[in-house]
Amino acid sequence: MDEKWFHQQADDAGQLTRLAERAQETFWGLLGCEVVKADGQKATICLDLIPSHLNLLGIVHGGVLMSLMDNAMGLVVMLAETTGRAVTANMNTHFLASTSSGLLLCEAELLHRSGRTITLQAEVKDEDGKLLAWGSGAYRLI
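None of the values given here were measured: they were computed from a predicted structure.

A separate point is the overall build of the chain. In terms of helices and strands, the chain carries three helices and six strands. Its helices and strands in sequence order give the chain the pattern α-α-β-β-α-β-β-β-β, from N to C terminus. If one aligns the C-alpha atoms of the chain with their principal axes, the spans along those axes are about 50 × 30 × 30 Å. The long-range share in the chain, meaning contacts at least 24 apart out of those at least 6 apart in sequence, stands at 62%. Total accessible area on the chain is roughly 8,400 Å²; 53% of this is exposed by carbon and sulfur atoms. Of the side chains in the chain, 11 bear a positive and 17 a negative charge, and the two mean positions are spaced by 9 Å.

A few words on the confidence of the model for the chain. The predicted model of the chain has a mean per-residue pLDDT of 89, with 91% of residues at 70 or higher. Ranking the elements of the chain by mean pLDDT puts helix α1 (residues 3-23) last, at 60, and strand β5 (residues 117-126) first, at 98. Contacts from residues 1-10, a stretch scored under 50 in pLDDT, to residues over four places away or in other chains number one contact.

This part is about the sheet that holds strand β6 (residues 131-141). The six strands lie next to each other as β1-β2-β4-β5-β6-β3, forming an open sheet whose pairing is antiparallel. The open sheet terminates on both sides in strands that have one partner only, identified here as β1 (34-38) and β3 (86-95). If you compare each strand with its neighbour and ignore which way they point, the axes differ by 20 degrees on average. Looking at chain direction, β1 and strand β2 (residues 42-48) are connected through four bridges and run antiparallel.

Once that is clear, we can look at a negative patch on the surface. On the surface, Glu-34, Asp-48, Glu-127 and Asp-128 cluster together into a negatively charged patch. Relative to the helices and strands, Asp-48 resides in strand β2. On the accessibility criterion, Asp-48 (52% relative accessible area) is exposed.

The next subject is the environment of Val-60. Within the secondary structure layout, Val-60 lies in the loop between β2 and α3 (62-80). On the accessibility criterion, Val-60 (6% relative accessible area) is buried. If we skip the residues at most four places from it in the chain, Val-60 touches Leu-49, His-53, Leu-54, Asn-55, Leu-65, Thr-99 and Leu-104.

As enumerated under the stated definition, the model contains two salt bridges in all. Among the salt bridges present, the one from Arg-113 reaches Glu-81, with a minimum N-O distance of 2.1 Å. Separated by 32 residues along the polypeptide, Arg-113 in strand β4 (residues 103-114) and Glu-81 in the loop between α3 and β3 bring together distant segments of the chain. Judged by its relative accessible area of 13%, Glu-81 falls in the buried class. Put simply, Lys-125 and Glu-123 hold a salt bridge, and the shortest N to O gap is 3.3 Å. Owing to a relative accessible area of 31%, Lys-125 belongs among the partly exposed residues under this scheme.

The residue Asn-55 is located in the loop between β2 and α3 in this model. In sequence terms Asn-55 and Ser-100 are 45 residues apart; their C-alpha atoms lie 9.3 Å from each other.

So, how was this worked out
- Residues numbered from 1 in each chain as written.
- Predicted model: local features only at pLDDT ≥ 70, side-chain atom pairs only at ≥ 80, totals over all residues.
- Heavy atoms only, no water.
- Helix = DSSP H or I, 4+ residues; strand = E, 2+ residues; numbered from the N terminus.
- Contact = heavy atoms within 4.5 Å.
- Areas by Shrake-Rupley, 256 points an atom, 1.4 Å probe, with all protein chains shown as cover.
- Lys, Arg positive; Asp, Glu negative; His and termini not counted.
- Charge placed at Lys NZ, Arg CZ, Asp CG, Glu CD.
- pLDDT = per-residue confidence, 0-100.
- Pairing = 2+ DSSP bridges.
- Axes fitted to C-alpha atoms, helices over the stretch in contact; angles between N-to-C directions.
- Patch = residues over 30% accessible without salt bridge, like charges linked within 9 Å, V, L, I, M, F, W, Y side chains within 5 Å.
- Salt bridge = Lys/Arg side-chain N within 4 Å of Asp/Glu carboxyl O.
- Buried < 20%, exposed > 50% of the residue type's maximum accessible area, 1.4 Å probe, protein only.

Set out below in C-alpha cells:
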C-alpha cells in the first residue's frame, strides 16, 4: 500500500470528523444531517425525515431539500478548498417529486472550478432511489 495515500486518507478522515463535530452546533445539526462519505470531489449526506421536516401538506418541505443540497455541496467545497472559506453565491433547484417519510440521500459533485468560483450539482433521492430534487450551486471563495 502506498504510504502517502494512506496518510492522505487519514488526514481527510480526521478533517471530516472535525467538521462533523463542529457542525452539530449549527443548522446542519438542527436539521439532522449525517455524512455518508465525502471528499473534495463528491459528498453524500443523509437525513431521516421527522414530522418537523414536513410542510402543512404532509410532504417534505422544499427548504429541507434545498438545505440538504446546499449542505452537501458546501461540504465538497470545504474539503476541496482547505485554505480559505466560501459562501453560497447562487443556487438553482428543481423540485421533481415529493415524499413524507423515510431516509433521504443527497449526493453533490464538483463540476467546475475557476478563480474564486466553484460550481457543483446535487440531487436528493428517497430511500427507493426516486429523484426528488436536483440543483446546482455556485460558491464564492472569500
